[in-house]
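Understanding the architecture of this molecule
Below are the chains, spelled out letter by letter.
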Protein chains: 2
Amino acid sequence: MAQLSDNIEQFIKELMSEDAHIELRRNELAQHFGCAPSQINYVLATRFSVDHGYIIESRRGGGGYVRIVRMQTRGEENLLESLLKRVGNSVDEETAGAIISNLYERKLVTKNEALLMKSAVSRNALALPISAKDVLRAAVFRNMLMQVFKNHEEAKRDDV
Amino acid sequence: MAQLSDNIEQFIKELMSEDAHIELRRNELAQHFGCAPSQINYVLATRFSVDHGYIIESRRGGGGYVRIVRMQTRGEENLLESLLKRVGNSVDEETAGAIISNLYERKLVTKNEALLMKSAVSRNALALPISAKDVLRAAVFRNMLMQVFKNHEEAKRDDV
DNA sequence: TGCTATAATAGTCAAAGATGGTCAAAAGAA
DNA sequence: TTCTTTTGACCATCTTTGACTATTATAGCA
């Protein structure tokens with residue numbers, strides 16, 4: 001069942017398919033979808049976070065706007081490094097999920113690989129007290145991240 | 001006398017006669033049968049479990065759903081079941097690795113996927129006392145195994 | 001010109017709403 | 001009795017809304 005949030009997400013992604021950044025009016029968009037303006041913030045927070053690979057800028061007042069910018073892809077070595085740093089010793093499921101989605105959007109992993117990674121770091125998989133969960137998730141996730149990049153290096157070598 | 005559970009089971013199976021996967025609202029279905037919503041979970045647990053050849057996914061909150069996926073081929077269905085049984089509540093790295101290699105040989109996972117799985121269940125990933133390690137590894141592994149089979153079903157669907 | 005009030009935006013956060021999950025006790029069947 | 005089914009209370013998760021707050025541009029006034 002298509003949720004309002006899903007629809008808004010889709011709408012924004014379509015707008016962004018042409019350009020790497022768009023600017024919109026929060027209130028207009030809310031009116032277009034017949035919802036509370038803060039709904040837009042919810043969608044941005046849950047689907048367009050930095051971990052998802054987007055940056056939000058905005059301005060209030062007359063002529064205000066919300067700008068969504070798709071982060072440019074950095075070099076891969078850099079990316080692995082920064083992702084490992086981001087994950088650190090502890091990471092929650094939401095953040096890990098966002099990062100995985102982002103890897104998929106960057107075509108660094110296939111859909112199946114992404115799903116596999118999500119299943120490995122899911123709540124279900126890590127049956128431990130919550131605090132320990134995040135720590136463990138980080139360890140498993142870091143390992144998989146490194147593997148993703150190894151796979152990728154391997155693939156490039158094969159291409160040649 | 002046909003039990004409520006039997007009726008619900010039949011109802012779901014009829015829905016699934018056309019498609020290998022359906023999505024339903026737990027509450028709606030419960031209302032349709034005039035029973036407690038948790039009754040649906042009972043039916044799913046007792047008649048649509050992995051060893052019956054089904055996999056259940058769900059989501060809570062607004063727009064939530066329960067999705068039932070039928071494993072299409074007998075051989076694979078048995079395979080997942082027996083693998084899950086073999087893994088059980090505890091599994092060492094070697095055994096997990098052997099199973100993953102086997103999945104690769106059967107072409108149920110790609111090489112990259114296999115490596116990813118190995119990285120998730122490796123010693124390194126599960127930084128815990130050894131005894132707990134095997135238990136945790138089993139949990140993570142079971143989750144990934146189910147995902148592998150879900151991916152496979154998905155792929156078959158896409159082929160069509 | 002410089003200041004101020006007002007209008008036009010956007011942000012935050014907590015509460016309410018909408019689902020599904022779990023588990024143990026009660027009820028029913030074998 | 002013993003096993004299976006059914007129910008209900010309580011929990012977890014995700015979405016939507018609304019009241020209150022913060023910021024900015026601009027028109028009007030001193």
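It should be noted that the structure appears before, not after, this text.
Residues numbered from 1 in each chain as written. Chains lettered and ligands numbered in written order. Predicted model: local features only at pLDDT ≥ 70, side-chain atom pairs only at ≥ 80, totals over all residues. Heavy atoms only, no water.

A word on the environment of B:Phe48
Residues and elements named next belong to chain B. Locating Phe48 in the fold gives a position in the loop between helix H3 (37–47) and strand E2 (54–59). For Phe48, a relative accessible area of 1% puts it in the buried group. In this structure, Phe48 is in contact with Glu9, Ile12, Lys13, Val43, Tyr54, Ile56 and Ile68, ignoring residues within four places of it in sequence. (Helix = DSSP H or I, 4+ residues; strand = E, 2+ residues; numbered from the N terminus. Buried < 20%, exposed > 50% of the residue type's maximum accessible area, 1.4 Å probe, protein only. Contact = heavy atoms within 4.5 Å.)

Structural notes on the protein's contact with DNA strand C
If you check the shell around DNA strand C, you find 28 residues, and the closest are A:Asn41, A:Gly61, B:Arg25, B:Arg26 and B:Asn41. Within 4 Å of the protein, the atoms of DNA strand C are drawn from sugar and phosphate moieties in a proportion of 63%. B:Arg25 places a side-chain nitrogen or oxygen 2.7 Å from a phosphate oxygen of DNA strand C. B:Arg26 is positioned with one of its backbone polar atoms (N or O) 2.8 Å from a phosphate oxygen of DNA strand C. Elements with a contribution of two residues or more to the surface near DNA strand C: helix H2 (26–33), helix H3 (37–47) and strand E2 (54–59) of chain A together with helix H2 (26–32), H3, E2 and strand E3 (65–70) of chain B. (Near = heavy atom within 4 Å. Polar contact = N/O pair within 3.5 Å; in protein donor to acceptor, adjacent residues only side chain to side chain.)

A few points about the protein's contact with DNA strand D
Residues in close proximity to DNA strand D total 27 residues, the closest being A:Tyr42, A:Arg59, B:Ser5, B:Ser38 and B:Tyr42. The share of sugar and phosphate among atoms of DNA strand D within 4 Å of the protein is 64%. A distance of 2.5 Å separates a phosphate oxygen of DNA strand D from a polar atom in the side chain of A:Tyr42. In this structure, A:Gly62 approaches DNA strand D through a main-chain N or O atom, which is 3.5 Å from a base oxygen. Only helix H1 (4–16) and H3 of chain A together with helix H1 (4–15) and H3 of chain B provide two or more residues apiece to the surface near DNA strand D. A breakdown of the residues in the surface near DNA strand D according to their chemical character gives eight nonpolar, 12 polar and seven charged. (Nonpolar A, V, L, I, M, F, W, Y, C, P; charged D, E, K, R; others polar.)

Considerations on the interface of chain A and chain B
On the side of chain B, 26 residues touch chain A, which itself brings 24 residues to the contact. At the boundary of chain A with chain B, total buried surface from both sides reaches about 2200 Å², with 60% on carbon and sulfur atoms. At the junction of chain A with chain B, the criterion picks out five residue pairs in polar contact (both at pLDDT 80 or more). Listed by contribution, the elements that provide at least two residues to the side of chain A that touches chain B are helix H6 (111–120) and helix H7 (130–159) of chain A. If you tally residues by element for the side of chain A that touches chain B, the top one is H7(A), at eight residues. Residues belonging to the side of chain A that touches chain B are distributed by class as follows: 14 nonpolar, nine polar and one charged. (Buried area = accessible area lost by both parts, 1.4 Å probe.)

Description of the side chain of A:Asp51
Relative to the elements of secondary structure, A:Asp51 occurs in the loop between H3 and E2. Excluding anything up to four places from it in sequence, A:Asp51 contacts A:Arg86, A:Thr95, A:Ala98, A:Ile99 and A:Asn102.

Brief notes about helix H5 (residues 93–105) of chain B
All names here are of chain B. The end-to-end C-alpha distance of H5 is 18 Å, a good match for the 18 Å that 13 residues give at a rise of 1.5 Å each. Taken together, the buried positions of H5 are Ala96, Gly97, Ile99, Ile100 and Leu103. Seen along its axis, H5 keeps its buried residues to an arc of 160°; they face one direction. Turned more than 90 degrees away from the buried face of H5, the exposed residues are Glu94 and Glu105. Its side-chain oxygen placed 3.2 Å from the backbone nitrogen of Glu94, Asp92 serves as the N-cap of H5. Following H5 by one or two positions, Lys107 has its phi on the positive side, about 65°. (Expected span 1.5 Å × (residues − 1). Arc of directions from axis to C-beta.)

Some thoughts on the packing of aromatic side chains
Following the criterion strictly, the structure yields four aromatic pairs over all chains and no others. Here B:Phe11 and B:Phe33 contribute two aromatic rings whose centre-to-centre distance is 5.3 Å and whose plane-to-plane angle is 85°, an arrangement assigned as edge-to-face. Placement of the pair is B:Phe11 in helix H1 and B:Phe33 in the loop between H2 and H3, with a sequence separation of 22 residues. On the basis of relative accessibility, which here comes to 28%, the residue B:Phe11 falls in the partly exposed class. Between the aromatic rings of B:Phe48 and B:Tyr54, the centroid separation amounts to 4.8 Å while the plane-to-plane angle is 70°, which identifies the pairing as edge-to-face. Here the basic side chain of A:Lys13 rests over the ring of A:Phe48, its NZ or CZ set 5.6 Å away from the ring centre. (Phe/Tyr/Trp six-rings, centres within 6.5 Å; stacked < 30°, edge-to-face > 60°. Lys NZ or Arg CZ within 6 Å of the ring centre and 35° of its normal.)

Topic: the pattern of salt bridges
Residue and element names in this part refer to chain A. Under the defined criterion, the tally for this structure stands at 14 salt bridges over all chains. Note that Arg86 is salt-bridged to Asp51, the shortest N-O span being 2.6 Å. Residue Arg86 is located in helix H4 (residues 76–87), and its partner Asp51 is located in the loop between H3 and E2; the two are separated by 35 residues in the primary sequence. Each of Asp6, Glu9, Lys13, Arg47 and Glu105 takes part in salt bridges that share partners, so that together they form one network. (Salt bridge = Lys/Arg side-chain N within 4 Å of Asp/Glu carboxyl O.)

So, the pairing of strand E1 (residues 21–24) of chain A
Residue and element names in this part refer to chain A. On E1, burial follows the alternation: Ile22 and Leu24 on one face are buried, whereas His21 and Glu23 on the facing-out side are not. Two elements, E1 and strand E3 (residues 65–70), share four bridges in a ladder whose sense is antiparallel. Within E3, the position partnered with Leu24 by the bridge is Val66. (Pairing = 2+ DSSP bridges.)

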